[in-house]
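# Inside the fold
Chain by chain, the residues run as shown.
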Amino acid sequence: MNTKQPYTHVGPGLPPLYGAQAKALILGSFPSPKSRAQGFYYGHPQNRFWPLMATLTHSPTPAWEDLDAKRAIIIGSGLAVWDVIHTCSIRGASDASIKDVEPNDLAALVNRLGVQAIFCNGATSGRLYRKYAQPLTGLEAVVLPSTSPANAAFTMPRLLDAWGTALEGYVNKP
């Protein structure tokens, strides 16, 4: 973590992405600067989230800028995507630096959609979910390996194995 970079208070994050039939909610911690600039989830071109979701849902991998195709993957597969954090102070894109957290109202979304399972994209998301939302949702989260390019130890085949096993039964496939 670059401790010389100043903290910036950022937020609100992105609105939740879901359709009428969302059985499972995938949570990140807070949108990266690239995601905030694009105005959409997992906006860093090297984040493996979209190729991973496309493979798991038997969909074509969307182009980086094709937000409609990304939206269709999530909604068509019966998933929802959001972040644990509504606003926070952060240094650059470093999840490890997050402080001054105001969480999103995950319990309201979970209740409104009837979500049956929560999956966290990475350890930070899992830690933040347990601290701020689990007491309100009553659902334990499954913490999955991060799709971030910083998690180079997890190759795409390892991500597909971990995520595919966890999401089995929650993903509608065409």
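All values derive from a computational prediction rather than experimental measurement. (Residues numbered from 1 in each chain as written. Predicted model: local features only at pLDDT ≥ 70, side-chain atom pairs only at ≥ 80, totals over all residues. Heavy atoms only, no water.)

### Digging into the layout of surface pockets
- Considered as a void within the structure, the largest pocket measures approximately 590 Å³ in volume.
- Around the largest pocket sit 29 residues that line it, and Ser32, Asn47, Ala93, Asp95 and Ser148 are the ones nearest its centre.
- Contributing elements (two or more residues each) for the lining of the largest pocket: helix H1 (33-38) and helix H5 (123-132).
- Counting residues per element, the lining of the largest pocket draws most heavily on H1, at four residues. (1 Å grid on protein atoms, 1.4 Å probe; cavity = no way out; pocket = protein on both sides within 12 Å on 5 of 7 lines; lining within 4 Å. Points joined across faces, edges and corners; volume = space filled by probe spheres on them. Helix = DSSP H or I, 4+ residues; strand = E, 2+ residues; numbered from the N terminus.)

### Some thoughts on the nonpolar core
- Membership of the largest hydrophobic core comes to 49 residues, with the highest contact counts inside it found for Leu25 and Trp163.
- Looking at this core element by element, the count peaks at six residues for helix H2 (residues 49-56).
- With residues near it in sequence (within four places) discarded, Trp163 still touches Ile26, Phe49, Leu52, Met53, Leu56, Asn121, Leu144, Pro145 and Thr147. (Core = buried A, V, L, I, M, F, W, Y, C linked by side-chain atoms within 4.5 Å. Buried < 20%, exposed > 50% of the residue type's maximum accessible area, 1.4 Å probe, protein only. Contact = heavy atoms within 4.5 Å.)

### Comments concerning the sheet that holds strand S6 (residues 99-103)
- With antiparallel pairing, three strands are arranged side by side in an open sheet as S1-S5-S6. The open sheet terminates on both sides in strands that have one partner only, identified here as strand S1 (8-10) and S6. Adjacent strand axes in the sheet meet at a mean angle of 10°, parallel and antiparallel pairs treated alike.
- Where S1 lies against strand S5 (residues 85-90), three bridges are found, and the strand directions are antiparallel. (Pairing = 2+ DSSP bridges. Axes fitted to C-alpha atoms, helices over the stretch in contact; angles between N-to-C directions.)

### Remarks on the packing of aromatic side chains
- Here the structure, examined in full by the defined rule, presents seven aromatic pairs.
- In textbook terms, an aromatic cluster arises when at least three aromatic residues are bridged by ring pairs, as seen for Phe40, Tyr41, Tyr42, Phe49, Trp50 and Trp163.
- In this arrangement the basic side chain of Arg158 is found over the ring face of Phe154, its NZ or CZ atom lying 3.8 Å from the centre. (Phe/Tyr/Trp six-rings, centres within 6.5 Å; stacked < 30°, edge-to-face > 60°. Lys NZ or Arg CZ within 6 Å of the ring centre and 35° of its normal.)

### A short note on the side chain of Ser97
- With respect to the secondary-structure elements, Ser97 resides in the loop between S5 and S6.
- At 2.7 Å, the side chain of Ser97 forms a polar contact with the backbone oxygen of Ser94. (Polar contact = N/O pair within 3.5 Å; in protein donor to acceptor, adjacent residues only side chain to side chain.)

### A short note on the pairing of strand S7 (residues 117-121)
- Across the five residues of S7, five count as buried, placing the element largely inside the fold.
- Of the two faces of S7, the one holding Ala117, Phe119 and Asn121 and the one holding Ile118 and Cys120 are both buried throughout.
- In this structure, strand S3 (residues 24-28) lies alongside S7, joined through four bridges in parallel fashion. The residue bridging Leu25 from the neighbouring strand is Ile118, located in S7.
- Where S7 lies against strand S8 (residues 141-144), four bridges are found, and the strand directions are parallel. If you follow Phe119 over to S8, its bridge partner there is Val142.

### Looking at helix H3 (residues 67-76)
- The complete set of buried residues in H3 reads Lys70, Ile73 and Ile74. The buried residues of H3 all sit within an arc of 90° when viewed along its axis, so they share a single face.
- Turning to H3, the residues buried within the fold contact strand S2 (17-18), H1, H2 and strand S4 (79-83).
- Just downstream of H3 lies Gly78, where phi reads positive at about 75°. (Arc of directions from axis to C-beta.)

### What to know about the packing of H2 against helix H7 (residues 156-167)
- The geometry of H2 relative to H7 is characterised by a closest axis approach of 10 Å and an angle of 55° between their N-to-C directions. When the interaxial angle is binned, H2 and H7 end up oblique. Between H2 and H7 lies a crossing of right-handed hand. Residues Phe49, Pro51, Leu52, Met53, Thr55 and Leu56 of H2 touch H7, and the partners they reach there are Met156, Leu159, Leu160, Trp163, Gly164 and Leu167.
- Of the residues assigned to the contact of H2 with H7, the class counts are ten nonpolar, two polar and no charged. (Parallel < 35°, antiparallel > 145°, perpendicular 65-115°, else oblique. Left-handed = near helix turned anticlockwise from the far one by under 90°. Nonpolar A, V, L, I, M, F, W, Y, C, P; charged D, E, K, R; others polar.)

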